[in-house]
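Chain residues, written in single-letter form:
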Amino acid sequence: MTRKKTRKLVVAIGIFKLIKAAMLVAVAVGMLHLIGKDPESTVARWLGDLGLDARSGSLRAVLGKLGGLSIGQLEEIGGPST
C-alpha cells in the first residue's frame with residue numbers, strides 16, 4: 001500500500017470509531033433518560049415484565065458469569081439475595 005492509501009484508511013478507521021463512540025454515548029444518555037431517578041425500581045420492573053425475579057439466585061449467577069463476578073462479589077455490590 002502506498003502512504004496515501006494507508007493514511008486514508010487510518011483516517012476512515014478513525015472517523016468510524018468517532019461515530020461509534022458518539023452513538024454509544026447517545027445510547028447511554030437515552031438509557032439514563034429512560035431509567036429516570038429510580039434505576040433500581042425501573043430495572044426490577046423490566047425484569048418483571050420479562051418474567052424474571054430480580055432477587056433470583058439463578059439470575060444473579062447468570063449476571064455474575066456474564067460480568068465475570070462471583071455470587072459473593074454481586075452480594076457485596078447489591079446486597080444479599082434473600
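Residues numbered from 1 in each chain as written. Predicted model: local features only at pLDDT ≥ 70, side-chain atom pairs only at ≥ 80, totals over all residues. Heavy atoms only, no water.

A. The arrangement of the overall build of the protein in detail. When helices and strands are tallied, the protein shows 4 helices and 0 strands. Taken from the N to the C terminus, the helices and strands of the protein come in the order α-α-α-α. For the protein, the residues scored as buried account for 11% of the 82 residues in total. Looking at the protein as shown, the accessible area adds up to about 7000 Å², and 67% of this sits on carbon and sulfur atoms. (Helix = DSSP H or I, 4+ residues; strand = E, 2+ residues; numbered from the N terminus. Buried < 20%, exposed > 50% of the residue type's maximum accessible area, 1.4 Å probe, protein only. Areas by Shrake-Rupley, 256 points an atom, 1.4 Å probe, with all protein chains shown as cover.)

B. Helix H1 (residues 3-35), seen in detail. Across its 33 residues, H1 extends 48 Å between first and last C-alpha, which sits within 8% of the 48 Å expected from 1.5 Å per residue. Here H1 lies mainly on the outside; 1 of its 33 residues are buried. In the segment just after H1, Gly36 is the residue with positive phi, at about 75°. (Expected span 1.5 Å × (residues − 1).)

C. Quick peek at the confidence of the model for the protein. Chain-level statistics for the protein give a pLDDT mean of 80 and a share of 80% at 70 or above. Of all secondary-structure elements in the protein, the lowest mean pLDDT belongs to helix H4 (residues 71-78), at 68, while H1 reaches the highest, 91. (pLDDT = per-residue confidence, 0-100.)

D. Layout of the packing of H1 against helix H2 (residues 39-49). Between H1 and H2, whose axes approach to 9 Å, the crossing angle comes to 90°. Put simply, H1 runs roughly perpendicular to H2. Listed contacts from H2 to Met31, Leu34 and Ile35 of H1 are Pro39, Thr42 and Trp46. Residue composition of the contact of H1 with H2, grouped by class: 5 nonpolar, 1 polar and no charged. (Axes fitted to C-alpha atoms, helices over the stretch in contact; angles between N-to-C directions. Parallel < 35°, antiparallel > 145°, perpendicular 65-115°, else oblique. Contact = heavy atoms within 4.5 Å. Nonpolar A, V, L, I, M, F, W, Y, C, P; charged D, E, K, R; others polar.)

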